[in-house]
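Chain by chain, the residues run as shown.
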Amino acid sequence: MPGLYYEEFEVGETIEHERRRTISESDNQRFCDMTMNQQPLHLDEAFAADTQFGERLVNGIYTMALAVGISIPETTDGTIVANLSYDEVSHPNPVFHGDTIRVQSTVTDKRETSDGDRGIVTMHVEVFALPEDPDDDETLVCEFERTVLSLKRENAE
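Residues numbered from 1 in each chain as written. Predicted model: local features only at pLDDT ≥ 70, side-chain atom pairs only at ≥ 80, totals over all residues. Heavy atoms only, no water.

K.L.:
Explain the overall build of the protein chain here, please?
P.N.:
In terms of regular secondary structure, the protein chain is built from four helices and six strands. Expressed as lengths along the three principal axes of its C-alpha atoms, the size of the protein chain is roughly 55 × 40 × 25 Å. Here the protein chain holds 157 residues, and the buried ones make up 43% of them. Contacts in the protein chain between residues at least 24 apart in sequence constitute 72% of all its contacts with a sequence separation of at least 6. Accessible area of the protein chain: about 8,500 Å², with a carbon and sulfur share of 47%. (Helix = DSSP H or I, 4+ residues; strand = E, 2+ residues; numbered from the N terminus. Buried < 20%, exposed > 50% of the residue type's maximum accessible area, 1.4 Å probe, protein only. Contact = heavy atoms within 4.5 Å. Areas by Shrake-Rupley, 256 points an atom, 1.4 Å probe, with all protein chains shown as cover.)

Given below as structure tokens:
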């Protein structure tokens, strides 16, 4: 399914993204290697064991990037001109190896560009770690504002 054109975004609409991802130690290690982030809290089990978390944390930038990737099919797949910004990023709770995350995007603003050919859409993206016990609450682990330059359907061809 392609993403949404500018006209199809509705301010206030929350899009629940169906794809989920269980984050492995290997995912975190590869991301840290690719980005040259050698923070021991992400990579060194002995170091992390002596922190308040007691174990290694998943890199927060990986969590955010994964959330964007998960959100693309239902929001901007094939209908985006560009990502314009990521703002107000927060990581209120840690993500650990083995956590499964889910993502939802709420459209908070939209406006046409000055020439009227395209539109700017802002979404509040929330990332949740799913509990092991389905009766427990999900944990908010990341949230941010994502602003995109979106095609209008009439100008897509």
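K.L.:
Explain the packing of aromatic side chains here, please?
P.N.:
For any pair of aromatic rings, the description consists of the separation of the ring centres together with the inter-plane angle of the planes. Going through the model one piece at a time under the given rule, you end up with two aromatic pairs. Ring plane angle 65° and centroid distance 6.2 Å describe the contact between Tyr-86 and Phe-144, whose orientation is recorded as edge-to-face. In this pair, Tyr-86 sits in strand β3 (residues 80-90) while Phe-144 sits in strand β6 (residues 139-151), placing the two residues 58 residues apart along the sequence. The class of Phe-144 is buried, set by a relative accessible area of 0%. For Lys-110, the ring lying beneath its charged end belongs to Tyr-6, and the centroid distance is 4.5 Å. (Phe/Tyr/Trp six-rings, centres within 6.5 Å; stacked < 30°, edge-to-face > 60°. Lys NZ or Arg CZ within 6 Å of the ring centre and 35° of its normal.)

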